[in-house]
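Architecture at a glance
In case you want the letters, here they are:
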Amino acid sequence: MRFSIYRYNPEADKKPYMKDYEVDIPSDSDMMVLEALLKIKEKDETLAFRASCREGVCGSDGMNINGLNRLACTTAISSLKPPIVIRPLVNMPVIRDLVVDFTLFFKQYERVQPYLQNNDETPQTERLQSPQERAKIDGLIDCILCACCTSFCPSSWWNPEKFIGPAGLLWAYRFIQDSRDTATDERLANLEDPFSVFRCRTIMNCTVVCPKNLNPSAAIAGIRRKMAEKGS
Amino acid sequence: MKINTYTFDIIVIGAGGAGMTTSLYLANSGLNVAVLSKVYPMRSHTVSAQGGIAAALGNMHEDDWRWHMYDTVKGSDYLGDQDSIEYMCQNAPEMMYEIEHIGMPFSRTENGKIWQRAFGGQTINYGQGYAHRTCAAADRTGHALLHTLYQNNVKAKTHFFNEWFSIDLVRNAKKNITGVVAIHIATGEIAFFNAKITIFATGGAGRIYESTTNALINTGDGLGMALRAGIPVQDIEMWQFHPTGIPGIGILITEGVRGEGGYLVNKNGERFMERYAPHAKDLASRDVVSRAIAKEFRAGNGFKKDGIDYVKLKLDHLGEEVINSHLPGIRELAKTFAHVDPIKDPIPVTPTCHYMMGGIPTNKHGQVITISEREEDQIVEGFYAIGECASVSVHGANRLGSNSLLDLLVFGRSAGMHAADAIKHDLPLHHSSEEEIKAALIRLERWNTTDKGEDYNEIRHAMQKTMQEDFGVFRTEKYMVEGVKKIEELRSRLEHAALTDRSQIFNTARIQALELDNLMEVAYVTSIACLARQESRGAHSREDYPDRDDKNWLKHLLCFANGKIKYRAVNMKPTTVKPFEPTKRVY
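These numbers come from a predicted model, not from an experiment.

Thresholds applied
- One numbering rule holds for all chains: residues counted from 1, following each sequence as written.
- As a convention, the first chain written is A and the first ligand written is 1, with the rest following in written order.
- Residues qualify for local features only when their pLDDT is at least 70, as the model is predicted, and side-chain atom pairs are given and counted only at 80 or more; totals for whole chains, interfaces and linings, by contrast, use all residues.
- Heavy atoms from the whole structure form the basis of all side-chain values; hydrogens and water molecules are not counted.
- Two distance rules govern patches: like charges are joined within 9 Å, and nonpolar side chains (Val, Leu, Ile, Met, Phe, Trp, Tyr) within 5 Å, applied only to residues with over 30% relative accessible area and no salt bridge.
- Where accessible areas are quoted, they stem from the Shrake-Rupley method and a 1.4 Å probe; at the residue level, only the protein chains shown are allowed to cover.
- Any carboxyl oxygen of Asp or Glu within 4 Å of a side-chain nitrogen of Lys or Arg constitutes a salt bridge here.
- In this charge count, Lys and Arg are treated as positive and Asp and Glu as negative; neither His nor the chain ends contribute.
- Every charge is mapped to an atom, namely NZ of Lys, CZ of Arg, CG of Asp or CD of Glu.
- The secondary structure listing takes helices from DSSP runs of H or I that are at least 4 residues long and strands from runs of E that are at least 2 residues long, numbered from the N terminus.
- Exposure categories follow from relative accessible area, calculated using a 1.4 Å probe and restricted to protein chains: below 20% of the type maximum is buried, above 50% is exposed, and the middle band is partly exposed.
- Two residues form a contact once any of their heavy atoms are found within 4.5 Å.
- The nonpolar core is taken to be a set of buried Ala, Val, Leu, Ile, Met, Phe, Trp, Tyr and Cys residues, with the residues joined through side-chain atoms within 4.5 Å.
- Marked domain ranges trace back to an automatic or database domain assignment.
- Buried area is understood as the total, over both parts, of accessible area removed when two parts are fitted together, assessed with a 1.4 Å probe.
- By the criterion applied in these results, polar contacts are pairs of N or O atoms within 3.5 Å in which, for protein atoms, one can donate a hydrogen and the other can accept it, and in which residues neighboring in sequence qualify only through two side-chain atoms.
- We call two strands paired when DSSP finds no fewer than two bridges between them.
- Axis geometry follows a simple rule: fit a line to the C-alpha atoms, using only the stretch in contact for helices, then measure angles between N-to-C directions, giving values from 0 to 180 degrees.

Comments concerning a negative patch on the surface
Side chains of D28, D30 and E35 of chain A together with D306 of chain B sit close together on the surface and give a patch of like negative charge. Take D306 of chain B: it is sitting in the loop between β13 (303-305) and β14 (308-314).

Put into structure tokens, the structure is as follows:
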């Protein structure tokens, strides 16, 4: 099967180019794209990409495969139409080949103060939280920070510095929704400018591509609803 | 080559659960601490832990940390150090509350407390019945924990050096450890990180085997660095094979599935664990269950596909609601990697390399211990190890499920406390000369300057195959003697292997080559230690020595990089309870 892969090494290449590789994949194989990349790398060790857990929980190997952002380790080759075209995550600075620069992505994540805040007195044992309260953060705590969503979001393309992006906003909502967090008012106030949240145009690319089937779009709607409630 | 120097009070190598627990403590203590990680912190292997964290909170029924201690000592097949196990189990509840307070999203009981599930080898009242002791965030506990720790390190403004790969320890003429040399993967920059204290939290090395649940990054970097610096590793023959990995790819299926009531069946549809462990059945210790499965394969009772034997893990009877609320991650993994929906069909599983019980020997403060010529313990000043890379030793010859996250939290914190105290008592900063720094860069230089040689990928495959075949679930002298020879040969071939990619920017081939150096060291000492221990204990199962031999072998085995072996006594002196004397281990 043919793989067409984006190559760019700033030390050697004037500009990026696509390089083709042939990999033997048996017709009944359940191989993932990551396994093919590892095979290719054994033949051409100059190909650079990130990978770690190879089971879709660490968020290392987000890349654009046949036009959609996804994780190489959970994308079955049999689900794709050949040739398989692999490019780095869209709209992120390329360091080399499929490796992109996460600096801005993590800056946007850190902007939402992604940690529990609670200034009440600390109890001797656990803070109590009912199963119903805990259920409100289901689907919000499971983000793996792979950047598939933010990289695929047109609002992030237009305002990468000012719009936080779907991943950061999903985390913002995770803490707003946690019954143990006491900083909701401050969190909402920090998002009230015209860009941080309001540049979301509900295009929903984030939700379409999330490899964990999470729904950042709904989280953003949730933040807006909270703001409206607070304003009224 | 230009070498920059960065100076800190403390450097932590590795940003998994252990590294970030200790760095959080140190940053909150106001110390000047840096964390070096070869990946972004949330990519570390702690993220893959599923089932949970053991602690006798008593949220589901009456519980006692002493019962937890008994289970852990028995689980270790009496090779665990009882002072360390006591410390871990006693501190477990407080540790759970501490991480809950900083945001850990535990699942909850109806009355709002931390929810706990049953796990293998965990009992109440010294073996009287299943304990629900494992604190869980559904079946994604490791992910929840690692992100919680990262978030709080962001809050504490911990100084991270992400995608920096540590190459080797730097020592001065007096043999003090002065820090590490590391390479920035993105730019190729080489730097000397000079610190008063170096803490290793570098994780496991499961990639020495062909089939493993471990991430691609689990390459034993800390063990390789320690061995090259003349420090031994302890009980490295003790490798845990998890009973339930997906055949082929090795993806982990948590023991929590059996904790919820799932069970194993052979090709005759028989629930065979009843024959091997009449009381605990599917919730016996992992070594016991993995051996039982391997015996079923030998008896011809396994399924087989593509040359791989397996049994099936049945959980459809738990019902959709339990699976979706307690095991959502397992359902997702089973669908993606085994092509079955466990709500309807059982999951194919096979014993798969999972955890390294052995490691760099330490005391309960995380201080690294080596052994003198006169076989006395010697503390290595300024050097700590925590988490999977350490052997403290709470897991002994077999780790209980849900004790690994506990280990990294408790000893991550205890090392942090001890190191912070040492800095406050004016521990000096030792410097290193240019020659001493360069001495730690020898192997990088070797890879950078060898023009022609064998492809290192071939060597890695051959090493993994040898380890899998000769040092797996069952071990025999005849095959291991051959295995040691093969590993020795591969180890010398590796010294002449070559890289073709010499670029500076994000050269992952070079990192893989440096990682293989570390894997090979771990494979080598594993092979030597497996052959040396002439008994069966915990995960180390010798067909030629089928029984445990407390008279001759109730002792830690230490192996150095040159293959030399020494022994240390197992600690049998807990401070607040009577020691648990070795008895026959039955489940």
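So, the side chain of S156 of chain A
Residue and element names in this part refer to chain A. The topology assignment puts S156 in helix α5 (residues 154-158). The exposure class of S156 is buried, given its relative accessible area of 5%. Non-local contacts of S156, meaning those with residues more than four positions away in its chain, are made with N91, T150, F163, G165 and P166.

Regarding the side chain of E86 of chain B
Residue and element names in this part refer to chain B. If you trace the backbone, E86 turns up in helix α3 (residues 82-101). Here E86 occupies a buried position and makes no salt bridge, while the nearest side chain of opposite charge, K364, is found at 5.3 Å. Setting aside anything within four residues of it in sequence, one finds E86 in contact with W65, M69, P574, T575, T576 and V577.

Some points on the nonpolar core
F3, L37, I86 and I223 of chain A together with I10, I53 and M96 of chain B are the most contacted members of the largest nonpolar core, which totals 135 residues. The element best represented in this core is helix α11 (residues 404-424) of chain B, accounting for eleven residues. Those residues in contact with I223 of chain A that sit more than four places away from it in its chain are L169, A172, Y173, I176, L188, L191 and V197 of chain A. Formed by 89 residues, the second largest nonpolar core is a distinct cluster that contains A186, V380, A390 and A529 of chain B.

Points about the domain arrangement of chain A
All names here are of chain A. The assigned domain composition of chain A is domain 1 (2-100) and domain 2 (103-230). If you look at the interface, domain 1 gives 15 residues, while domain 2 gives 13 residues. Across the domain 1/domain 2 interface, buried area totals approximately 1000 Å², and carbon plus sulfur atoms make up 64% of it. For the interface between domain 1 and domain 2, the tally reads zero salt bridges. Between domain 1 and domain 2 we count four residue pairs in polar contact (both at pLDDT 80 or more) in total. Contributions of two or more residues to the side of domain 1 that touches domain 2 are made by β3 (62-65) and β4 (68-71).

Concerning the sheet that holds strand β5 (residues 84-87) of chain A
Residues and elements named next belong to chain A. Reading across from one edge, β2-β1-β5-β3-β4 is the order of the five strands in this open sheet, with mixed pairing throughout. What marks the edges here is a single partner per strand, and that holds for β2 (17-22) and β4. Sheet twist, expressed as the average angle between the axes of neighbouring strands with direction ignored, equals 35°. Examined bridge by bridge, strand β1 (residues 2-7) and β5 share three bridges and lie parallel to one another. Within the sheet, the bridge partner assigned to S4 lies in β5 and is V85. Relative to β1, helix α1 (residues 33-43) is tilted by about 75°, and along the sheet it contacts β1, β2, β3 and β5.

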